[in-house]
Amino acid sequence: MTDHPSPEDAANSADLPGDGGRITIDLDALAANWRALDARLSDDAECGAAVKADCYGLGSDDGLVALWTAGCRTFFVATPQEGQATRARLPDATIYILNGLYPGASEFYAGHGLRPVLGSPEEVAEWRGFIAGQSAPPPAGLHVDTGISRLGLSLDEARTVASDPASGFSPDMVMSHMACADMPDHPMNGQQLGRFREACALFPDARRSLANSASIFLDRDYHFDLARPGITLYGASASQLPQARLRPVVTLESRILQVHELKRGETIGYGATFTAPADMRVAMVAAGYADGYLRASGSTDEKRGADAWIAGYRLPILGRVSMDMSAFDVSAVPPDVARRGDFVELFGANIPIDETAACAGTIGYELLTGLGRRFSRRYLPVRSARGTG
Ligand SMILES: *Cc1c(COP(=O)(O)O)cnc(C)c1O
């Protein structure tokens, strides 16, 4: 499915006649976004990358190499399986497993050079058992919960780990995760920062990692030694702060199947939720919820839904999204602009992904990781490599 078109191919986009749509992933924008975040960090902080869920749905094979080329050396995935795939692609990367240590999987981690971020006393105990007697135990991080209450040891549990001299375990990294960093004024941000400092003081030799994308745009106090941005790399917004959105990376486009009339008073789609207030022209587009174009994006007579875009025109969605298609209003578009076979943009450079997500009551993260498998994917190459290593 993944091919590597030359820049000319990509620009000319010789599309397959069988494609109902295409997902364009701008690897140059991905690399540029990583460099922009890296430049934003305090001087002594390293910028890593969260690449879980197949680089947030973009496709790891290409995404990982683009990030490595940009200079990224430390990668965070959710599962050991994702770690294995990342290792296969990047033999020299440092790879942390955010979901922690899966039961009985220590050998697997060590065999692939994956570092668990140990997230409970049980995981610490199991890892200690595994490394006992090893002269050069493999590194592992430690996750301390500072308020999000998902994974991680409590501060008290972390104190117990730190004060056990016979443990033979010291984390190479101490990590915590922010609950509300997308809301810069939320009081929880400062509280978590304070607790994280306490946790780090227990393990003075470990590197410290707190910041996801949104936290990078808070105060520099949140940067510490190693940042773990995800969503900002992939071009969606991390935060209420407008500067927390960088270059768009993903464009979703789909073909017009037909254009037809909708007479005043006629309804369109399942449930007849939209009634034409006047005579309209409608483009039926080959993207539905099976392609990851969310059903909640639709419109009713009361509620406006998502917009699509073609050649400078915004196209309001009409009625419900169905499995394989959606309807858009092309009444305002000249007939020679929106024709059978033409592509409309569902999100990308002209319709921000955050807007499309908000219309469906969700966030860019969910839209990206839910993109379907029916559309072809093309990857625009990294044009400028300015890696650090
Ligand atoms: C997903 C994740 C990140 C990245 O978060 P973004 O909001 O996408 O920047 C960082 N740390 C942890 C623990 C995560 O689960």
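Parameters and conventions
Residues numbered from 1 in each chain as written. Predicted model: local features only at pLDDT ≥ 70, side-chain atom pairs only at ≥ 80, totals over all residues. Heavy atoms only, no water. Phe/Tyr/Trp six-rings, centres within 6.5 Å; stacked < 30°, edge-to-face > 60°. Helix = DSSP H or I, 4+ residues; strand = E, 2+ residues; numbered from the N terminus. Buried < 20%, exposed > 50% of the residue type's maximum accessible area, 1.4 Å probe, protein only. Lys NZ or Arg CZ within 6 Å of the ring centre and 35° of its normal. Domains from an automatic or database assignment. Near = heavy atom within 4 Å. Polar contact = N/O pair within 3.5 Å; in protein donor to acceptor, adjacent residues only side chain to side chain. Areas by Shrake-Rupley, 256 points an atom, 1.4 Å probe, with all protein chains shown as cover. 1 Å grid on protein atoms, 1.4 Å probe; cavity = no way out; pocket = protein on both sides within 12 Å on 5 of 7 lines; lining within 4 Å. Sits in = over half its atoms within 2 Å of the grid points. Nonpolar A, V, L, I, M, F, W, Y, C, P; charged D, E, K, R; others polar.

**Quick word on the packing of aromatic side chains**
Here is step 1: Tallied over the full model, the rule gives six aromatic pairs.
Here is step 2: Aromatic side chains Tyr293 and Phe328 sit 6.4 Å apart centroid to centroid with 55° between the ring planes, which places their arrangement in the tilted category. Of the two residues, Tyr293 is situated in the loop between strand E14 (280-285) and strand E15 (307-310) and Phe328 in strand E17 (residues 326-329); the sequence distance between them amounts to 35 residues. For the pair formed by Tyr293 and Phe328, the shared burial category is buried.
Here is step 3: Joined through ring pairs, the aromatic side chains of Tyr56, Tyr234 and Tyr365 make up one cluster.
Here is step 4: Directly above the aromatic system of Trp68 lies the positively charged group of Arg73, at a separation of 3.7 Å from the ring centroid.

**Here's the deal with the domain arrangement of the protein**
Here is step 1: Taken as a whole, the protein is organised into domain 1 (28-234) and domain 2 (250-351).
Here is step 2: In this structure, domain 1 and domain 2 have C-alpha centres spaced 42 Å apart.

**Side note on the site of the ligand**
Here is step 1: As a structural note, the neighbourhood of the ligand is formed by 14 residues, with Lys52, Tyr56, Ser213, Gly230 and Tyr365 the closest of them.
Here is step 2: Contacts to the ligand include Tyr365, whose side-chain N or O atom sits 2.6 Å from an oxygen atom.
Here is step 3: If the ligand stood free it would expose 400 Å²; the protein chains cover 92% of that surface.
Here is step 4: For the ligand, the cavity whose grid points lie within 2 Å of the majority of its atoms is the largest pocket.
Here is step 5: Partitioning the shell around the ligand into residue classes produces seven nonpolar, four polar and three charged.

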